[in-house]
Amino acid sequence: LAGSKKVQQKLAEAGVLERFMPEQAEKMRRVFANLYALDGDEGDEAVKLGLANPAGYVLKPQREGGGNNLYSEELRKRLEQGGDLGAFILMQRILPPSHQTLAIRAGKVIKLETLSELGIYGSYLRVGDKVVVNKRGGHLLRTK
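Anyway, here's the lowdown on the structure attached to this text. Only a predicted model underlies this, so the values are computations on that prediction, with no experimental measurement involved.

### Considerations on the sheet that holds strand E1 (residues 35-37)
Two orientations exist for strands paired in a sheet by backbone hydrogen bonds: parallel and antiparallel.
Alright, step 1. Read from one edge to the other, the open sheet built from four strands follows the order E1-E4-E2-E3, with strand pairing classed as antiparallel. Looking along the sheet, the strands with just one partner apiece sit at the ends: E1 and strand E3 (70-71).
Alright, step 2. In this structure, strand E2 (residues 57-61) lies alongside strand E4 (residues 88-92), joined through five bridges in antiparallel fashion. Bridge pairing links Pro 61 to Phe 88 in E4.
Alright, step 3. In this fold helix H1 (residues 5-12) packs onto E1, E2 and E4, with an angle of close to 105° to the strand it touches most, E1.

### A closer look at the pattern of salt bridges
Alright, step 1. Per the counting criterion, the structure on display carries eight salt bridges.
Alright, step 2. As a salt-bridge pair, Glu 18 and Arg 29 come within 2.8 Å of each other at their nearest N and O atoms. Of the two residues, Glu 18 is situated in helix H2 (residues 16-20) and Arg 29 in helix H3 (residues 25-29); the sequence distance between them amounts to eleven residues.
Alright, step 3. You can call Arg 29 partly exposed: its relative accessible area is 24%.
Alright, step 4. The shortest N-O distance in the salt bridge between Glu 80 and Arg 76 comes to 2.4 Å. Of this pair, Glu 80 and Arg 76 both sit in helix H5 (residues 72-81), four residues apart, roughly one helical turn.

### A look at the packing of aromatic side chains
Alright, step 1. For the structure shown, the criterion picks out two aromatic pairs.
Alright, step 2. For the ring pair Tyr 36 and Tyr 57, a centre distance of 6.2 Å and an interplane angle of 70° mean the geometry is edge-to-face. Residue Tyr 36 is located in strand E1, and its partner Tyr 57 is located in strand E2; the two are separated by 21 residues in the primary sequence.
Alright, step 3. We classify Tyr 57 as buried; its relative accessible area is 12%.

### Thoughts on the nonpolar core
Nonpolar side chains in soluble globular proteins tend to be buried together.
Alright, step 1. In terms of nonpolar packing, the biggest core is built from eleven residues, these being Leu 38, Ala 46, Val 47, Tyr 57, Leu 59, Leu 70, Leu 75, Leu 79, Leu 85, Phe 88 and Leu 90.
Alright, step 2. Broken down by secondary-structure element, the contributors of at least two residues to this core are helix H4 (43-52), E2, H5 and E4.
Alright, step 3. What Tyr 57 contacts, discounting residues up to four positions off in sequence, is Tyr 36, Leu 49, Gly 50, Leu 75, Leu 90, Met 91, Gln 92 and Arg 93.
Alright, step 4. Listed in part, the five residues of the second largest apolar core include Ala 33, Val 58, Ile 89 and Met 91.

### Overview of the pairing of strand E8 (residues 130-143)
On a regular strand, one side chain projects to one face of the sheet and the next to the other, so that they alternate.
Alright, step 1. Within E8, only zero of the 14 residues are buried, which leaves it mostly out in the open.
Alright, step 2. In this structure, strand E7 (residues 116-127) lies alongside E8, joined through twelve bridges in antiparallel fashion. Looking at the pairing, Ser 123 lines up with Lys 135 of E8.
Alright, step 3. Counted between consecutive antiparallel strands, the loop separating E7 from E8 contains two residues, among which Gly 128 sits at a positive phi close to 65°.

### Observations regarding the pairing of strand E5 (residues 99-105)
Alright, step 1. Note that E5 and strand E6 (residues 108-114) share seven bridges and pair antiparallel. Bridging from a neighbouring strand, Arg 105 pairs with Lys 108 of E6.
Alright, step 2. Taken together, E5 and the strand that follows it, E6, pair antiparallel across an intervening segment of two residues, in which Ala 106 is found at a positive phi of about 50°.

Thresholds applied
- Residues numbered from 1 in each chain as written.
- Predicted model: local features only at pLDDT ≥ 70, side-chain atom pairs only at ≥ 80, totals over all residues.
- Heavy atoms only, no water.
- Pairing = 2+ DSSP bridges.
- Helix = DSSP H or I, 4+ residues; strand = E, 2+ residues; numbered from the N terminus.
- Contact = heavy atoms within 4.5 Å.
- Axes fitted to C-alpha atoms, helices over the stretch in contact; angles between N-to-C directions.
- Salt bridge = Lys/Arg side-chain N within 4 Å of Asp/Glu carboxyl O.
- Buried < 20%, exposed > 50% of the residue type's maximum accessible area, 1.4 Å probe, protein only.
- Phe/Tyr/Trp six-rings, centres within 6.5 Å; stacked < 30°, edge-to-face > 60°.
- Core = buried A, V, L, I, M, F, W, Y, C linked by side-chain atoms within 4.5 Å.

Shape is all these values report; function is a separate question.
Take a look at the structure:
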C-alpha cells in the first residue's frame with residue numbers, strides 16, 4: 001500500500017520512484033512533501049529538523065486514519081522524549097488553502113472552512129522483474 005507511511009517514505013528516496021515510473025517520476029516529485037525516517041543513520045538529523053521548526057512538520061505514526069498525527073508543540077514534546085521513534089515518520093507539513101463549504105449537521109445547513117484531499121489508488125504487483133499487475137483502481141475526493 002502506498003498509503004503506508006513507510007512505503008511513501010521509501011518512494012520519496014532518490015531513484016526508487018524512477019524504478020517504477022521512469023517517464024513520470026520527475027513530474028511526480030514536484031508535488032511530493034519531504035519525508036524523513038526517524039530511525040537509522042538519518043534519524044538524528046530528522047529529529048533536529050523537527051525540533052528546529054515544529055510548526056513546519058507533522059509527526060505521523062505508521063497507521064492510517066486521522067487523529068493520530070502530532071503537530072507543533074505535541075511534535076516537539078514527542079521528539080524530545082526520544083525512545084522508539086521508528087514507528088513514526090517526519091513529514092513536511094502541507095498547508096493547503098481552505099474554502100467555504102456548506103454541510104448538513106443535525107439536519108441543519110451550516111457553513112464550514114474545509115480542505116479537499118484527492119486520493120488516487122492503484123495496484124502494483126511484481127514477481128522478480130516481471131510486472132504482474134499495474135493498473136488504476138480509482139480515486140476518492142475527501143472534504144475534511
